[in-house]
Amino acid sequence: MSTTRVASVVLLGSSARGRRITAVHWAAPAPRVRIVVFGCIHGDEPAGIAITQILAARAPPSDVDLWAVDDINPDGLAANTRLNANGVDLNRNFPYAWRFYGRPGDSEYPGRAALSEPETRAAHDLLELVHPTVTIWYHQHQDLVDESGGDVAVESRYATLVGLPLRRLTRYPGSAASWQNVTLAPTTAFVVELPAGSLSPRDATRHADAVLELV
Ligand SMILES: [Zn+2]
């Protein structure tokens, strides 16, 4: 008897304004690898959602446990702003080398404490639950793969598969990938900076394919 794989939609939490934050989960009974992909964290950098939507819509290989999260900043996406509705940069709000500076609305305001924001907690709790082998965070629009502090061979392979250069950007306090690479070992989390604008269907498919060819 064959079984048909079905993805489930999982509620991860709610935004500051009460918008739902969801993931599509392709569960695997005995996964060889666990992959989590975030399409958007800065609300004005949404191109990666085209990639997570492709991953959500088709079954991965049977030994891959896959979580596709379109957007952990739905208030920012709705307002076309980098920050969440509390004026916090979610990618400075994770509990890695977190420090306080600035004021709400500043472009990299880290929040009043690490994990102060419901969107950050939703992503954090998912990642602590899953302990992914690989996590990818899509941003825009520097057109590169960031050497983010995990396994550089994985980052390099992704860069080759999608035809982007691999560069090392600044590792900011409170960033999600740094938090994961430092505290969730063994894991590799990295940032992909997509080009400006939206991805063509062909490019989005190339990225979605690369996610599954990584591991
Ligand atoms: Zn960004």
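For the structure itself, consult the block above.
Let me sum up the structure you'll find in this document. (Residues numbered from 1 in each chain as written. Predicted model: local features only at pLDDT ≥ 70, side-chain atom pairs only at ≥ 80, totals over all residues. Heavy atoms only, no water.)

**A few points about the overall build of the protein chain**
Okay, step 1: Helix and strand counts for the protein chain come out as 6 helices and 8 strands.
Okay, step 2: Listed by position from the N terminus, the elements making up the protein chain come as β-β-β-α-β-α-α-β-β-α-β-α-β-α.
Okay, step 3: Scaling as 2.2 N^0.38, a compact globule of 215 residues should have a C-alpha radius of gyration of about 17 Å, and the protein chain matches this with 16 Å.
Okay, step 4: On the principal axes, the C-alpha backbone points of the protein chain span a range of 55 × 35 × 35 Å.
Okay, step 5: Here the protein chain holds 215 residues, and 50% of them are scored as buried.
Okay, step 6: Partitioning the contacts of the protein chain with sequence separation of at least 6, the portion at a separation of at least 24 is 67%. (Helix = DSSP H or I, 4+ residues; strand = E, 2+ residues; numbered from the N terminus. Rg over C-alpha atoms; globule rule 2.2 N^0.38 Å. Buried < 20%, exposed > 50% of the residue type's maximum accessible area, 1.4 Å probe, protein only. Contact = heavy atoms within 4.5 Å.)

**Side note on helix 5 (residues 176-183)**
Okay, step 1: Counting buried positions over the 8 residues of helix 5 gives 6, a clear majority of the element.
Okay, step 2: Within helix 5 the residues assigned to the buried category are Ala176, Ala177, Ser178, Trp179, Gln180 and Asn181.
Okay, step 3: Where helix 5 is buried, its residues meet helix 3 (118-130), strand 5 (134-140) and strand 8 (188-194).

**Regarding the coordination of the zinc ion**
Okay, step 1: The protein atoms that coordinate the zinc ion are His42 (ND1), Glu45 (OE), Glu45 (OE) and His139 (ND1), at distances spanning 2.0 to 2.8 Å.
Okay, step 2: Here the zinc ion binds 4 donor atoms, and the angle range of 51 to 154 degrees at the metal identifies the geometry as irregular.
Okay, step 3: Going along the chain, you hit the donors of the zinc ion in the pattern H-x2-E-x93-H. With His42 in the loop between strand 3 (33-38) and helix 1 (49-57) and His139 in strand 5, this residue pair connects regions lying 97 residues apart in the sequence. (Donors = N, O, S within 2.8 Å, 3.2 Å for Na, K, Ca; no water. Tetrahedral: all angles 85-135°; square planar, octahedral: opposite > 155°, others 65-115°.)

**So, the packing of aromatic side chains**
Okay, step 1: Considering all chains together, one arrives at 6 aromatic pairs under this definition.
Okay, step 2: An angle of 5 degrees between the planes, with centres 3.8 Å apart, marks the rings of Phe38 and Trp137 as stacked. Highlighted residues: Phe38 in strand 3 and Trp137 in strand 5, separated in sequence by 99 residues.
Okay, step 3: When the ring of Phe100 is compared with that of Tyr109, the centres are 6.0 Å apart and the planes differ by 85 degrees; the resulting orientation is edge-to-face.
Okay, step 4: Here a set of aromatic residues connected by ring pairs shows up, and it is made of Phe38, Phe94, Trp137 and Trp179.
Okay, step 5: Positioned above the aromatic ring of Tyr172, the side-chain terminus of Arg92 is 3.9 Å from the ring centre. (Phe/Tyr/Trp six-rings, centres within 6.5 Å; stacked < 30°, edge-to-face > 60°. Lys NZ or Arg CZ within 6 Å of the ring centre and 35° of its normal.)

**So, unusual backbone geometry**
Okay, step 1: Each neighbour pair has its own omega, and for Gln140 with His141 the value is 0 degrees, a cis peptide bond.
Okay, step 2: Of note, the bond from Ala185 into Pro186 is cis; its omega dihedral lies within 30 degrees of zero at -5 degrees.
Okay, step 3: Here Pro186 lies in the loop between helix 5 and strand 8.
Okay, step 4: Even without being glycine, Ala97 reaches a positive phi, approximately 50 degrees.
Okay, step 5: Residue placement: Ala97 occurs in the loop between helix 2 (74-79) and helix 3.
Okay, step 6: Phi is positive for His131, which is not a glycine, with a value near 45 degrees.
Okay, step 7: For His131, the location among the structural elements is in the loop between helix 3 and strand 5.

**Notes on the pairing of strand 1 (residues 8-14)**
Okay, step 1: Looking at chain direction, strand 1 and strand 2 (residues 20-26) are connected through 6 bridges and run antiparallel. Residue pairing across strands places Ser14 opposite Arg20, the latter belonging to strand 2. (Pairing = 2+ DSSP bridges.)

**Description of the side chain of Asp65**
Okay, step 1: Structurally, the position occupied by Asp65 is in strand 4 (residues 64-69).
Okay, step 2: For the buried Asp65, which has no salt bridge, the nearest side chain bearing the opposite charge is Arg34, at an N-O separation of 4.4 Å.
Okay, step 3: There is a polar contact of 3.0 Å between the side chain of Asp65 and the side chain of His25.
Okay, step 4: Within the structure, Asp65 has its side chain in polar contact with the side chain of Trp67 (distance 3.0 Å).
Okay, step 5: Look past the residues within four positions of Asp65 in its chain and what remains in contact with it is His25, Trp26, Ala27, Ala28, Pro31, Val33, Arg34 and Ile35. (Lys, Arg positive; Asp, Glu negative; His and termini not counted. Salt bridge = Lys/Arg side-chain N within 4 Å of Asp/Glu carboxyl O. Polar contact = N/O pair within 3.5 Å; in protein donor to acceptor, adjacent residues only side chain to side chain.)

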